[in-house]
Amino acid sequence: MYEPIRTKSVHSTVDGPSPDFPHRSREEELDIQLAGHLAALLAVTDDLRATQASADLDTAAERLAEQVSRLRGGRTPVRAPMSGRREPSAAALHRRALALAGRTLVVAASRADTAVAILAAERMDAHTAALEPRALASR
């Protein structure tokens with residue numbers, strides 16, 4: 001009634017990992033993911049800087065750029081100017097930045113990167129405060 005499979009499974013990893021397939025450690029994968037989230041948060045921060053001048057946003061952008069550079073082995077992030085693009089509202093940018101900062105915080109916590117976790121939490125606080133009705137009414 002039962003007959004064992006006689007052919008080698010195509011799903012088998014009996015031979016071990018393939019030497020021609022690049023493998024990364026969990027830490028390397030988290031570094032890549034964290035750098036991506038930080039770069040996206042930097043892009044939204046630059047968009048916010050184009051819509052409203054703020055020393056806080058300037059400082060945040062520099063700190064974000066430093067962390068992206070650190071995670072990418074010293075390569076500086078590419079930062080595109082805002083010219084020629086339709087600018088979304090400041091509230092929409094703050095909401096997007098808040099979501100990105102939250103994702104960044106989750107990955108930083110999982111990677112145990114305290115500096116990035118603190119930076120992400122600070123950015124979450126800043127964008128939450130900017131989204132309060134009182135803050136939006138004054139703009």
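In this text the structure is predicted, and so the values were computed from the model without any measurement.

Attention now goes to the overall build of the protein. Counting its regular elements, the protein contains 5 helices and 0 strands. In the protein, which comprises 139 residues, the share counted as buried stands at 32%. In the structure as shown, the protein presents an accessible area of about 9200 Å², 56% of it carried by carbon and sulfur atoms.

Attention now goes to the side chain of Thr 45. Following the sequence through the fold, Thr 45 ends up in helix 1 (residues 26–51). Looking at Thr 45, its side chain comes within polar contact range of the main-chain oxygen of Leu 41, at 2.7 Å. If near-sequence neighbours (up to four positions away) are discounted, Thr 45 is found in contact with Leu 57, Ala 61 and Leu 64.

In this section: the nonpolar core. The nonpolar side chains of soluble globular proteins are, as a tendency, buried together. Counting residues in each nonpolar core, the largest one holds 23 residues, and the members touching the most others are Leu 34, Leu 38, Leu 41 and Leu 64. Elements with a minimum of two residues in this core: helix 1, helix 2 (55–71), helix 3 (90–111) and helix 4 (114–131). When residues in this core are grouped by element, the largest group, 8 residues, is from helix 1. The contacts of Leu 41, once residues within four sequence positions are left out, are Leu 64, Ala 97, Leu 100, Ala 101 and Arg 123.

All right, on to the packing of helix 1 against helix 2 then. At a closest axis distance of 9 Å, the pairing of helix 1 and helix 2 adopts a crossing angle of 155°. As judged from the angle between their axes, helix 1 and helix 2 are roughly antiparallel. Between helix 1 and helix 2 lies a crossing of left-handed hand. Residues Asp 31, Leu 34, Ala 35, Leu 38, Ala 39, Leu 41, Leu 42, Thr 45, Asp 46, Leu 48 and Arg 49 of helix 1 touch helix 2, and the partners they reach there are Leu 57, Asp 58, Ala 61, Leu 64, Ala 65, Gln 67, Val 68 and Leu 71. Here the contact of helix 1 with helix 2 is composed, by residue class, of 13 nonpolar, 2 polar and 4 charged.

On the secondary structure map, Thr 104 appears in helix 3. With residues near it in sequence (within four places) discarded, Thr 104 still touches Leu 34, His 37, Leu 38, Val 116 and Ala 120.

A separate point is the confidence of the model for the protein. Of all residues in the protein, 80% attain a pLDDT of 70 or more, and the chain-wide mean is 84. Mean pLDDT across the secondary structure elements of the protein bottoms out at helix 5 (residues 133–137), with 60, and peaks at helix 4, with 95.

Counting across every chain of the model gives 8 salt bridges. Taking the shortest distance from any N to any O, the salt bridge between Arg 24 and Glu 29 comes out at 3.0 Å. Residue Arg 24 is classed as exposed on the basis of its relative accessible area of 53%. Judged by its relative accessible area of 37%, Glu 29 falls in the partly exposed class.

Rules used throughout
Residues numbered from 1 in each chain as written. Predicted model: local features only at pLDDT ≥ 70, side-chain atom pairs only at ≥ 80, totals over all residues. Heavy atoms only, no water. Helix = DSSP H or I, 4+ residues; strand = E, 2+ residues; numbered from the N terminus. Buried < 20%, exposed > 50% of the residue type's maximum accessible area, 1.4 Å probe, protein only. Areas by Shrake-Rupley, 256 points an atom, 1.4 Å probe, with all protein chains shown as cover. Polar contact = N/O pair within 3.5 Å; in protein donor to acceptor, adjacent residues only side chain to side chain. Contact = heavy atoms within 4.5 Å. Core = buried A, V, L, I, M, F, W, Y, C linked by side-chain atoms within 4.5 Å. Axes fitted to C-alpha atoms, helices over the stretch in contact; angles between N-to-C directions. Parallel < 35°, antiparallel > 145°, perpendicular 65-115°, else oblique. Left-handed = near helix turned anticlockwise from the far one by under 90°. Nonpolar A, V, L, I, M, F, W, Y, C, P; charged D, E, K, R; others polar. pLDDT = per-residue confidence, 0-100. Salt bridge = Lys/Arg side-chain N within 4 Å of Asp/Glu carboxyl O.

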